[in-house]
Structures are given as C-alpha cells and as structure tokens.
Amino acid sequence: SSGINAEWPLRPGDTPMWDYSGSTIVSNNEIRLTPDHQSKSGRVWNTIALMSRNWEILMEFKVHGSGRTLYGDGFALWYVNERQLMSGDVFGAKNGFNGLAIFFDTYSNHNGEHSHGHPYISAVVHNGTQKYDHDNDGTHNELAGCQSSFRGQKHDTFASIKYINNVLTVHTDVRGKNKWTKCFEEKNVILPVGYHLGLSASTGDLADSHDVKMLKLYEVDLLPGQTFNVEEALKLVPSAEGEPDRPHVEDIQPLFSRRVKTIFYICFGLVLLLILGGVGYHYYNKYIIGRNKKRFY
C-alpha cells in the first residue's frame, strides 16, 4: 500500500500528514468537518502529494442533523493540485479548482431543466479554467452522478472511489446491507499524479453535521507489462470525455416570489372569510331573525 495510507480517527498533534482549518474538529472517533450549525465550513488536507498511478479510496462517513425536511449543504472529497485551507464557496473550498472533486450534495439549489433528486453524488473534473456553479448544483459541467440516500442513516455509510487505468468508478454502501452499489463509472478520465487529497464541507442557512469516521487510501498495482512514466504523469492536464459542459442558462424567475405569493394567499383567504362572513350575517338578519319576528305577530 501507499505511504499516504491513513486511517481515521486522527488526533490533534498526531497528524503530521494532515492539515485542517475552519470548523473542523478532530476527536477519537471521527473528524467533524462541520457541526449542525449554520454558516460553518471546515477542511482537512493531506500534506503529501499522491504519486500513485492507480488508487482506491475507502471512506466511512456520516451526514446527519436535527433537520427532518430541510438540511444542507454537503461535503466534498478532493484530488486537486492545491491544498485549500481557506474557506470557499464550493462546499467550503475554493472555486476554480484543478483536478477531481466528488460532491456529496444534500440540498437542491436548482429546480430548473437539469434538476435531480437529493442527496446526490457527482464527479467534476476541472483544469482550473472552469467554475463550479453551486447555485445550480454543478449540473452544467458534471461528469457523472447518482442519487444516494446517504443522509440521516442510523447504520454505517461507505463510499469507494477508484481511479484505475483512467477509469473513475464510485460505489456506495448506504443501505446497511454490506453490499456495494455502483453509482457511476466513467472512462477516459485523465488525472495527473502529484496532487493532494482533501475533504471539505459547509453549511449555510441550513445545517448538518458532516463527519468522516475512516479514510483509507490504497495503491493499486499496475497490470503485468504496464509502464508508468512519473515525469509525463506530472505534466498531464485534468480532463474527462464525459458529457460536454452544458451552456449556462439562467432559471426563469417567477413573476412573484414565494414570500409574495404566501402573503397574497393569506390576504385572499382573509378576504374570502370576510365575504363569507358578511353573506352569512346578511342571511341570518334577513331570514332567521325575520322569521322569528313573524312568530310574535
């Protein structure tokens, strides 16, 4: 196995190969990237560049919180050229990244043409020139993805990320059945060696705890007769031959916001009640009281 192999729990002061920042808390059992509080972000980065041609990452994680229907935002696993200890707008890390990101997104920011169910796992490969569109869940330049019910589970949840011979494969085990389910497999994914592994998470108006309980990295052997030129692999530019980037199209904004609509419906309901009350009062005075008066004549 590779010299970067790491298994959490990690302890502060005993993690020379890892740097962490933001709201990240290291305990004996897990690394908590964010607590279940609003407007938090945390990051942890490996300080040693990954030089393996083929590798697999096995991760145990837990996303949970007090929210039953509204929660967010999610976390990301990174393999990029630059360690990003400062906070950013892409799950707590900087945008315009160079490399691979696997996003575990729990909140839908987008309801337009390319919307999908959540929680959602997706892969994005950028070369430093593109921007991840968080407001539209990255659907315009996503390489591949799948819906996955990893949030709020009482049992252990796992993910496997493999990069072998330019093929990127993601599996999950989130149903408590000790069985892997393929999320996606994409061929012709080009990633250099010499990049850094990291994790980040963020919360906004909504919140969740984002915990990583275990992370293992395995170096996968080359095939018999397969060669590997480190100098050439260092010069590669991240790319993928998946679905081409979709043109960014702004969502059609509704004529009235949800708040305006809510106020309108409340006012309409009150007016309707007043009208019905007036009609009922008129009927009561004209017929019920009038009928009772006739009885006394």
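Residues numbered from 1 in each chain as written. Predicted model: local features only at pLDDT ≥ 70, side-chain atom pairs only at ≥ 80, totals over all residues. Heavy atoms only, no water.

**Notes on the sheet that holds strand E6 (residues 74–80)**
Sheet strands line up and pair through hydrogen bonds in the backbone, either parallel or antiparallel. Rules: Strands are labelled as partners when DSSP assigns at least two bridges between them. For helices the rule is a DSSP run of H or I covering at least 4 residues; for strands it is a run of E covering at least 2, with both sets numbered from the N terminus onward. Note on method: axes are straight lines fitted to C-alpha atoms, helices fitted across the in-contact stretch only, with angles between N-to-C directions ranging 0 to 180 degrees.
If you walk across this open sheet you meet the 7 strands as E1-E4-E14-E6-E7-E8-E9, and the pairing is antiparallel. Every other strand in the sheet has two partners, leaving strand E1 (18–22) and strand E9 (144–147) as the edge strands with one partner each. The average undirected angle you get between the axes of adjacent strands in this sheet is 15°.

**Looking at the pairing of E6**
Put simply, the test is: Per-residue accessibility, obtained with a 1.4 Å probe over protein chains only, is compared with the maximum for each type, and a residue is labelled buried under 20%, exposed over 50%, and partly exposed between these values.
The element E6 is extensively covered by neighbouring structure, given that 7 of its 7 residues are classed as buried. Of the two faces of E6, the one holding Gly74, Ala76, Trp78 and Val80 and the one holding Phe75, Leu77 and Tyr79 are both buried throughout. Relative to strand E7 (residues 98–105), E6 runs antiparallel, the two sharing 7 bridges. Following the sheet pairing, tyrosine 79 is matched in E7 by leucine 100.

**A short note on the nonpolar core**
Applicable threshold: Nonpolar core, defined: a set of buried Ala, Val, Leu, Ile, Met, Phe, Trp, Tyr and Cys residues in which side-chain atoms within 4.5 Å join the residues together. By definition in these notes, contact holds between two residues if any of their heavy atoms fall within 4.5 Å.
In this structure, Trp55 and Ile102 are the most contacted members of the largest nonpolar core, which totals 41 residues. If we skip the residues at most four places from it in the chain, tryptophan 55 touches Leu50, Tyr79, Leu100, Ile161, Lys162, Tyr163, Ile164, Leu191, Leu217, Tyr218 and Val220. In this structure, Ala76, Val80, Phe103 and Tyr132 belong to the second largest nonpolar core, which totals 12 residues.

**Here we look at the pattern of salt bridges**
Filter applied, for reference: Every case where a carboxyl oxygen of Asp or Glu lies within 4 Å of a side-chain nitrogen of Lys or Arg is listed as a salt bridge.
Considering all chains together, one arrives at 7 salt bridges under this definition. Taking the shortest distance from any N to any O, the salt bridge between lysine 213 and glutamate 30 comes out at 2.9 Å. In this pair, lysine 213 sits in strand E15 (residues 209–219) while glutamate 30 sits in the loop between strand E2 (25–26) and strand E3 (31–34), placing the two residues 183 residues apart along the sequence. If you follow the salt bridges from partner to partner, you end up with Glu30, Arg32, Asp211 and Lys213 in one network.

**So, the environment of methionine 86**
Within the secondary structure layout, methionine 86 lies in the loop between E6 and E7. Along the sequence, methionine 86 and serine 41 sit 45 residues apart, while their C-alpha atoms lie 9.6 Å from each other. Not counting chain neighbours up to four residues away, the residues in contact with methionine 86 comprise Arg43, Gly92 and Ala93.

**Considerations on the state of the cysteines**
Just so we agree on the cut-off: Any cysteine sulfur atom paired with another within 2.5 Å is treated as part of a disulfide.
Counting across every chain of the model gives 1 disulfide. Between the sulfur of cysteine 146 and that of cysteine 183 lies a disulfide, 2.0 Å long from S to S. One disulfide, between cysteine 146 and cysteine 183, carries an S-S torsion of -110° and so falls in the left-handed class. Note that cysteine 146 is positioned in strand E9 and cysteine 183 in strand E12 (residues 181–186), a separation of 37 residues in sequence. Classification of cysteine 146 by relative accessible area gives buried; the value is 14%.

**As for the confidence of the model for the protein**
Put simply, the test is: Confidence of the predictor at the level of single residues is given by pLDDT, which spans 0 to 100.
The share of residues in the protein with pLDDT of 70 or more is 77%, and the mean pLDDT across the chain is 82. Contacts of residues 246–258 to residues separated by more than four positions or lying in other chains number 14 contacts, the stretch itself having pLDDT below 50.

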